[in-house]
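Remarks on the overall topology
Each chain is listed here by its residues.
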Amino acid sequence: MKKLKETDIEINQKIKCALDAKLKVILCIGETKEERDKFVIASFVVKAINKDAEVVEEICTATKVRQKALIDNLDNFDCFIVVGDKLSSNCNSLYKIASTKKPSFLIESVEELNTIDLSKFKSIGITAGASTPSKITLEIINQINSNQTIFKSNLNSLDLIKV
């Protein structure tokens, strides 16, 4: 997928031109958080130009749940591990949230986990990006458990699981 890297001004100009030409914007999709943020800005422009325009914004439910679970539990753990692709906007958002208050690690595999010294942490919060395969997350959980670390997880939505 090629990213267009359009500025807000360029997006707004395109929307205005489309509306001036009596074209209707049917669907705008943004996969990354940055693209969704631009969508919000573009939505304001569309509504300013055409007050009858219908704007519908949706964010993946799994993403909302994981971000809320993480925010709600920032004080409950000594550190956080975010499992997922380092290029994923969702994983980077989770990492950014966690790292504002606690030592945090964004890892993609058990091999990366093995390069981190977790011995000084008594509790570890784990979350994963919405598209991270469960198999990878479970491998990381099993590796942590096999090292006898005190372990807690918020991976399954808002519930904390003590293993």
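Residues numbered from 1 in each chain as written. Predicted model: local features only at pLDDT ≥ 70, side-chain atom pairs only at ≥ 80, totals over all residues. Heavy atoms only, no water.

**Let's talk about the overall build of the protein chain**
Helix and strand counts for the protein chain stand at six helices and five strands. Reading the protein chain from its N terminus to its C terminus gives the helix and strand order α-α-α-β-α-β-α-β-α-β-β. Across the 163 residues that make up the protein chain, the buried fraction comes to 37%. A total accessible area of about 10600 Å² is found for the protein chain, and carbon and sulfur atoms account for 55% of it. (Helix = DSSP H or I, 4+ residues; strand = E, 2+ residues; numbered from the N terminus. Buried < 20%, exposed > 50% of the residue type's maximum accessible area, 1.4 Å probe, protein only. Areas by Shrake-Rupley, 256 points an atom, 1.4 Å probe, with all protein chains shown as cover.)

**Observations concerning the side chain of S88**
Inspection of the secondary structure puts S88 in the loop between β1 (79-83) and α4 (89-99). What makes S88 buried here is its relative accessible area of 17%. A polar contact is formed between the side chain of S88 and the backbone nitrogen of N90, at a distance of 3.3 Å. (Polar contact = N/O pair within 3.5 Å; in protein donor to acceptor, adjacent residues only side chain to side chain.)

**Considering the nonpolar core**
Soluble, globular proteins show a tendency: their nonpolar side chains are buried together. Of all hydrophobic cores here, the largest spans 15 residues; its most connected members are I81, L113, L118, I124, I126, I140 and I144. Breaking this core down by element, the ones donating at least two residues are β1, α5 (110-113), β3 (124-128) and α6 (134-146). Beyond its immediate sequence surroundings of up to four residues, I140 is in contact with V83, I107, S109, V110, L113 and I126. Core analysis: the next-biggest nonpolar cluster, separate from the first, contains 10 residues, L74, F77, V82 and L106 among them. (Core = buried A, V, L, I, M, F, W, Y, C linked by side-chain atoms within 4.5 Å. Contact = heavy atoms within 4.5 Å.)

**What about the sheet that holds β3?**
The parallel open sheet is built from three strands, whose spatial order is β2-β1-β3. Across the chains shown, the open sheet's two edge strands, defined by having one partner strand only, are β2 (104-107) and β3. Neighbour to neighbour, the strand axes of the sheet diverge by 20° on average, direction disregarded. Two elements, β1 and β3, share five bridges in a ladder whose sense is parallel. From the neighbouring strand, F80 faces β3, where its bridge partner is G125. Lying on the sheet, α4 is in contact with β1, β2 and β3; it crosses β2 at an angle near 165°. With respect to the sheet, α6 is in contact with β1, β2 and β3, its orientation differing from that of β3 by roughly 165°. (Pairing = 2+ DSSP bridges. Axes fitted to C-alpha atoms, helices over the stretch in contact; angles between N-to-C directions.)

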